[in-house]
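Reading the structure
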Amino acid sequence: VTANTEYRDAYGVYAENGGKVSAGLGDVTVRSQQYNAFGIDAVNGGSVDAAMNGGALSVSGRSNSFGINAVDSSVTFTGARSVAVSSDAGNAYGVDAANGTVSGDLGGMSVYGAAGEFIDGVRAYSSDVKLAMDGSLNVSGGGIGMDGIEAGNHSKVAFTGVKELNVSGDTLFDTYGVNASD
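Here goes a summary of the coordinates provided. (Residues numbered from 1 in each chain as written. Predicted model: local features only at pLDDT ≥ 70, side-chain atom pairs only at ≥ 80, totals over all residues. Heavy atoms only, no water.)

Looking only at helices and strands, the protein features zero helices and 14 strands. Counting from the amino terminus, the protein carries its helices and strands in the arrangement β-β-β-β-β-β-β-β-β-β-β-β-β-β. Computed over the C-alpha atoms, the radius of gyration of the protein is 14 Å, within 12% of the 16 Å expected from 2.2 N^0.38 for a compact globule of 182 residues. Expressed along its principal axes, the backbone C-alpha trace of the protein runs to roughly 40 × 35 × 30 Å. Relative to its 182 residues, the protein shows a buried fraction of 46%. Long-range pairs, those at least 24 residues apart, make up 81% of the contacts in the protein with a sequence separation of at least 6. Split by element, the accessible area of the protein, about 7,800 Å² in all, is 46% carbon and sulfur. Within the protein, one finds 9 positive and 20 negative side-chain charges whose respective centroids are separated by 5 Å. (Helix = DSSP H or I, 4+ residues; strand = E, 2+ residues; numbered from the N terminus. Rg over C-alpha atoms; globule rule 2.2 N^0.38 Å. Buried < 20%, exposed > 50% of the residue type's maximum accessible area, 1.4 Å probe, protein only. Contact = heavy atoms within 4.5 Å. Areas by Shrake-Rupley, 256 points an atom, 1.4 Å probe, with all protein chains shown as cover. Lys, Arg positive; Asp, Glu negative; His and termini not counted. Charge placed at Lys NZ, Arg CZ, Asp CG, Glu CD.)

Attention shifts here to the nonpolar core. In this structure, Val75, Phe77, Val102 and Met109 are the most contacted members of the largest nonpolar core, which totals 39 residues. If sequence neighbours within four positions are ignored, Phe77 has contacts with Ala50, Ile68, Val102, Ser103, Gly104, Asp105, Leu106 and Leu131. (Core = buried A, V, L, I, M, F, W, Y, C linked by side-chain atoms within 4.5 Å.)

Right, let's get into the pairing of strand S8 (residues 65-71). With six of seven residues buried, S8 lies mostly within the body of the structure. For strand S5 (residues 37-43) and S8, the ladder comprises six bridges, and the chain directions are parallel. Counterpart to Ala37 in the pairing with S8 is Ser65. (Pairing = 2+ DSSP bridges.)

According to the stated counting rule, one finds four aromatic pairs in the structure shown. Relative to Phe66, the ring of Phe38 lies with its centre 4.9 Å away and its plane at 0°, an arrangement referred to as stacked. Of this pair, Phe38 sits in strand S5 while Phe66 sits in strand S8, placing them 28 residues apart in sequence. Judged by relative accessible area, which is 9%, Phe38 ranks as buried. Its relative accessible area of 10% is what places Phe66 among the buried residues. (Phe/Tyr/Trp six-rings, centres within 6.5 Å; stacked < 30°, edge-to-face > 60°.)

Side chains that differ in charge, positive against negative, can pair when their charged atoms come close. All told, the structure shown has five salt bridges when counted by the stated rule. Among the salt bridges present, the one from Arg31 reaches Asp88, with a minimum N-O distance of 3.7 Å. One end of the pair, Arg31, is in strand S4 (residues 28-32); the other, Asp88, is in the loop between strand S9 (74-87) and strand S10 (92-98), and 57 residues separate them in sequence. Here Arg123 ties to Asp96 by a salt bridge, and the two come within 2.7 Å at their closest N and O atoms. In this pair, Arg123 sits in strand S11 (residues 101-125) while Asp96 sits in strand S10, placing the two residues 27 residues apart along the sequence. Using a relative accessible area of 25% as the deciding quantity, one classes Arg123 as partly exposed. (Salt bridge = Lys/Arg side-chain N within 4 Å of Asp/Glu carboxyl O.)

Let us now look at the pairing of S11. Where S9 lies against S11, 11 bridges are found, and the strand directions are parallel. Within S11, the residue paired with Phe77 across the bridge is Gly104. As judged from the six bridges shared by S10 and S11, these two strands associate in the parallel manner. When the sheet's bridge partners are listed, Ala92 is paired in S11 with Ile119. For S11 and strand S12 (residues 128-152), the ladder comprises 19 bridges, and the chain directions are parallel. Within the sheet, the bridge partner assigned to Gly113 lies in S12 and is Gly141.

Bringing the side chain of Ser65 into the picture now. Within the secondary structure, Ser65 sits in strand S8. Residue Ser65 is classed as buried on the basis of its relative accessible area of 0%. Contacts of Ser65, omitting those with residues within four sequence positions, involve Ala37, Val59, Ser60, Val85, Ser86, Ser87, Asn91, Ala92 and Tyr93.

Shown next as structure tokens:
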């Protein structure tokens, strides 16, 4: 799957308002040159079940960039070789869940934000996230704050198989490897 646009948001896989996507995928590459980019996005009761079959998820945007995003929704994925997310000027998230659930397995994850407000590998807010990894989780860049893994507002984040967790960059506020708060 390839989605590339210059002047609008770009989506690799999208489900909303109760829509359901069940797909076998390979590589998913998403690029928005001026706006937001979403690799796998489920919102408002949508659900995605994606078998990545060893494919890589690569997402880059000028504004906000999301590898996997679940807002009031659920995303399940298996067999992702890697997740790579970058943002030129906005927030960047490898996995972002707000009132949602995300579960999956992947090799490694890298998240880079050049000048965003927040740069997070995994961010969960009132959500449940379960990841089985076989590689490193790297978060880098510059912004207001950075987290390798952030769980807020009674969220549960469970992860296994992370070989290294690296968070580095130039931020205005704090940088956390793992940050859990309510």
